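Coordinates in review
Here are the chains, one letter per residue:
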Amino acid sequence: MPLDPGLCAELELEVAEADTARTLCSGDVDVLGTPRILALMEEATVKAVAGHLEPGETTVGTRVELSHVAPIAIGSTVKAEVTLEKVEGRRLIFTASVSDESGLVAAGKLHRAVVKVEPFLEKAR
């Protein structure tokens, strides 16, 4: 199936201790960690293209541009939203944001590549 710009997905996360900067070793505060924000955004990109790839294909991350602009406490709920903005052959560019009830938490662009799983795994070192 072809991948066309406009594919999108949303995911919600209730922030837990496992999601904090302290737990993820990316800081020493108990707020939503940047690595968890990125993981949530990447999960949403995978969801956006699910069902639109050929059998035996997947996508892998290749580049991230991310601004994390607001601290979020444990127990808060955030929502990630991604949209496939551009398709350049096997390269995909998504816009992504995470927000809570008060507004923007993080925003960025995620670049991914469509790969065939078996040959990709054979190259792993």
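Structure's up top.
Here we take up the nonpolar core. With 26 residues, the main nonpolar core has V78, F94 and V98 as its most contacted residues. Secondary-structure elements contributing two or more residues to this core are β1 (8–14), α1 (34–49), β3 (77–88), β4 (91–100) and β5 (103–116). Per-element accounting of this core gives the leading share, six residues, to α1.

With respect to the element layout, T59 can be found in strand β2 (residues 57–68). For the pair T59 and R112, spaced 53 residues apart in the sequence, the C-alpha separation amounts to 6.0 Å. Apart from residues no more than four positions distant in its own chain, T59 is found in contact with V46, V49, L53, L92, R112, A113 and V114.

Turning our eyes to something else, we now look at the pairing of β4. With nine bridges connecting them, β3 and β4 associate as antiparallel partners. Across the sheet, residue V82 finds its bridge partner in β4, namely A96. Taken together, β3 and the strand that follows it, β4, pair antiparallel across an intervening segment of two residues, in which G89 is found at a positive phi of about 65°.

Cut-off values and rules
- Each chain carries its own residue numbering, running from 1 in the direction its sequence is written.
- Where local features are concerned, this predicted model is filtered to residues with pLDDT of at least 70; where side-chain atom pairs are given and counted, the filter is 80 or more; whole-chain, interface and lining totals use all residues.
- Hydrogens are left out, water is left out, and the side-chain values use all remaining heavy atoms of the structure.
- Nine residue types can take part in a nonpolar core, namely buried Ala, Val, Leu, Ile, Met, Phe, Trp, Tyr and Cys, and a core is a set of them joined through side-chain atoms within 4.5 Å.
- Exposed residues in this analysis have more than 50% of their type's maximum accessible area, buried residues have under 20%, and partly exposed residues fall in between, with area computed by a 1.4 Å probe over protein chains only.
- Strands here mean DSSP runs of E at least two residues long; helices mean DSSP runs of H or I at least four residues long; both are numbered from the N terminus.
- Residue contacts are counted whenever heavy atoms from the two residues lie within 4.5 Å of one another.
- DSSP-based pairing: two strands are paired if at least 2 bridges between them are found.

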